[in-house]
Amino acid sequence: MRSCSSVRRRCRSPSSRLSVSRSGSSVRRRGCPAGVVALLTLALAACDDPLRVRAAPVDARMAVFMIMEPLQLIQPLEIQETPGLTNTAAEIVVQSGDSLVASVTAVPPPMFSGAASSTCANRHGLHGGSSLDSLSWTTQCVPVGFDARYGVAYRVTVTREGRRTAAGSTVVPGDFEIVVGEISGDPPGRVTATWTRSAGAYRYLVALAGIEPRPGDFGGACHQPSCVRWFVVTQDTAIVADIDPRFVEHTRPPYSVRVWAVSRELFEGIMTGATSGFFPIPPTQNVSGGMGTIGAWVRRWFIRLEGVEFRNVTAGVRVANTSDVNMKFEIRVPGTPNACSLGNSACGTLAPGDSAIVARADIPPTSGEVFHEHIVVCRADAPSNPCIALPFRL
């Protein structure tokens, strides 16, 4: 079998294939006959097998995902990219106007960290930031330390050697509070809620959550929309909605209502597109030079446990006794000093109808990697009765 180079040598170059000499009216052509040219074309085509396995091109774009939330010490940033690229450090810069807010260098390895991934999952949900999982992209979660402030615009820029620079901007919605909240029925059949307006919020997500039947799956421990069964979207600041019983089937109390005031960038990023299946539809994205979403939300909730209502507010957590007996409450974090022994506002006793504010500074800080906070209630006049504790992300 001849090689491709030997086939090429069989014929002269195109400039030498046609030679004309005149002898009277005769024209003489020298070179390869037409049949040989056809065979040569086939031979050259065979040198590049169209069925051979080719290496997939490496995408130099990064996908980045961040949900900023006020009153949180950490704003997790998730970075996804195609495998095969050199594992280099990522530089993350957060700016507000011309002011530098935060600068972080994420040094690999490892590209995947279990603790950091939990930090992202706790904020983004199990699937919220994994928009490219179907493409088997690698994931890195970077905790970025800054306090996102209400009504402030931020720009996040991510650079990494060998990749295109990715950047996105958002405005954090304004502060708001739930004014009225009520869950009616057992199981819940209606949700009533009213809240103050959040300046700059594009939409509100209102959700109902309870305790799931799966072991270790606590509805109170999850605080993103991905782990609730029922939710509605509204531009108003009040809802009265009937709940289809199918949404609360096999759940149990206590139930909670959560309200998210969401920026436009985040709302469009999480409410559009379909990333599963053979033909994914990308969501609306606001990252230039890459893919993904940079957005923000403000989260408010209320939950009633044994007649004691807990509701988060700007100052901390408002606790109200809606029962007809004295109730003792505590907000604790396992492994930290007992709030009651410290004598701070995270522990107290309330008479029927009374309320108190647990200052945010009195709530023990957590790492943000696991759901550590527990709300605890028990009857103050029956110390022999066991207290009820519920893991709940504050």
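Above this text you will find the structure in question.
Rules of the game
- Residues numbered from 1 in each chain as written.
- Predicted model: local features only at pLDDT ≥ 70, side-chain atom pairs only at ≥ 80, totals over all residues.
- Heavy atoms only, no water.
- Helix = DSSP H or I, 4+ residues; strand = E, 2+ residues; numbered from the N terminus.
- Buried < 20%, exposed > 50% of the residue type's maximum accessible area, 1.4 Å probe, protein only.
- Polar contact = N/O pair within 3.5 Å; in protein donor to acceptor, adjacent residues only side chain to side chain.
- Contact = heavy atoms within 4.5 Å.
- Core = buried A, V, L, I, M, F, W, Y, C linked by side-chain atoms within 4.5 Å.
- 1 Å grid on protein atoms, 1.4 Å probe; cavity = no way out; pocket = protein on both sides within 12 Å on 5 of 7 lines; lining within 4 Å.
- Points joined across faces, edges and corners; volume = space filled by probe spheres on them.
- Nonpolar A, V, L, I, M, F, W, Y, C, P; charged D, E, K, R; others polar.
- Pairing = 2+ DSSP bridges.
- Axes fitted to C-alpha atoms, helices over the stretch in contact; angles between N-to-C directions.
- Salt bridge = Lys/Arg side-chain N within 4 Å of Asp/Glu carboxyl O.
- Phe/Tyr/Trp six-rings, centres within 6.5 Å; stacked < 30°, edge-to-face > 60°.
- Lys NZ or Arg CZ within 6 Å of the ring centre and 35° of its normal.

Where do I start with the side chain of threonine 234 in this structure?
As for its placement among the helices and strands, threonine 234 is situated in strand S13 (residues 230–234). Looking at threonine 234, the relative accessible area reads 12%, which means it is buried. At 2.9 Å, the side chain of threonine 234 forms a polar contact with the backbone nitrogen of aspartate 236. Those residues within four positions of threonine 234 in sequence are excluded, and the remaining contacts are Trp195, Arg203, Tyr204, Val206 and Ile239.

How should the nonpolar core be read in this particular structure?
The tendency in soluble globular proteins is for nonpolar side chains to be buried side by side. Grouped together as the largest cluster of nonpolar side chains are 44 residues, with contacts concentrated most on Met68, Leu77, Ile92, Val144, Phe146, Trp195 and Leu208. Not counting residues within four places of it along the chain, the set of residues in contact with methionine 68 comprises Gln75, Arg123, Phe146, Ala148, Tyr154, Val156, Thr170, Val172, Ile294, Gly295, Ala296 and Trp297. Membership of the second largest hydrophobic core comes to 20 residues, among which are Trp301, Phe310, Ile331 and Leu390.

What is the right way to read unusual backbone geometry from this model?
Residues apart from glycine generally show negative phi values, whereas peptide bonds are mostly found in trans. Going from aspartate 186 to proline 187, the amide bond is cis rather than trans, its omega being 5°. Topologically, proline 187 is positioned in the loop between strand S10 (178–184) and strand S11 (190–195). Here proline 253 and proline 254 are connected by a cis peptide whose omega angle stands at 5°. Along the chain, proline 254 falls in strand S15 (residues 252–262). A positive phi is found at leucine 71, a non-glycine position, where the angle reads about 65°.

Explanation requested: empty space enclosed by the protein in the structure shown.
Over the atoms rolls a probe the size of a water molecule, and in doing so it shows where empty space is left. Using the criterion set out here, one finds 5 cavities of 30 Å³ or more in the structure. Of the volumes computed, that of the largest cavity is approximately 90 Å³. For the largest cavity, the lining is made up of 11 residues, of which Glu69, Pro70, Leu71, Arg299 and Arg300 are closest to its centre. Among the residues forming the lining of the largest cavity, the class breakdown is 5 nonpolar, 2 polar and 4 charged. Counted as a void, the second largest cavity has a volume near 50 Å³.

Please clarify how the sheet that holds S10 should be interpreted in this entry.
By definition, the strands of a sheet pair up through backbone hydrogen bonds, in either a parallel or an antiparallel sense. Within the open sheet, the 3 strands sit side by side as S10-S11-S14. Their pairing is antiparallel. Looking at strand neighbours, the two that pair on one side only are S10 and strand S14 (238–242), the edges of this open sheet. Strand-to-strand, the axes of this sheet are offset by a mean angle of 5°, without reference to chain direction. Summarising the sheet, S10 and S11 pair through 6 bridges and their orientation is antiparallel. The residue of S11 that forms the bridge with valine 180 is threonine 194.

How should I be thinking about the sheet that holds strand S24 (residues 388–391) in this particular structure?
As summarised here, the arrangement of the 4 strands in space is S21-S20-S23-S24, forming an open sheet in which the pairing is antiparallel. Each having just a single partner strand, strand S21 (347–350) and S24 make up the two edges of the open sheet. Averaged over all pairs of adjacent strands, the angle between their axes in this sheet comes to 20°, without regard to strand direction.

In this structure, what is going on with the pattern of salt bridges? I would like to understand it.
Under the definition given, this model contains 13 salt bridges. Of the charged contacts, one joins arginine 304 and glutamate 309 as a salt bridge, the two residues approaching to 2.7 Å between their closest N and O atoms. Residue class for arginine 304 comes out partly exposed when judged on its relative accessible area of 32%. On the basis of relative accessibility, which here comes to 5%, the residue glutamate 309 falls in the buried class. Salt-bridge contacts for glutamate 330 lead to arginine 332; the nearest nitrogen and oxygen are separated by 2.9 Å. With relative accessibility at 5%, the residue glutamate 330 sits in the buried group. Since its relative accessible area comes to 33%, arginine 332 is described here as partly exposed. Salt bridges sharing partners connect three or more residues here, namely Glu182, Arg304, Glu309 and Arg311.

Looking at this structure, how should I read the packing of aromatic side chains?
Any pair of aromatic rings gets described here by the distance separating the centres and the angle formed by the planes. Within this structure, the stated rule accounts for 5 aromatic pairs. On the basis of an interplanar angle of 45° and a centroid distance of 5.5 Å, the ring pair of phenylalanine 146 and tyrosine 154 is categorised as tilted. Exposure remark for phenylalanine 146: the relative accessible area of 6% places this residue in the buried category. Look at tyrosine 154 and you get buried, because its relative accessible area is 5%. Taken together through their ring pairs, the aromatic side chains of Phe176, Trp195 and Tyr204 make up a single cluster. Over the ring of phenylalanine 267 we find arginine 203, and its NZ or CZ is 5.8 Å from the ring centre.

Without other data, these values stay purely geometric and don't point to any function.
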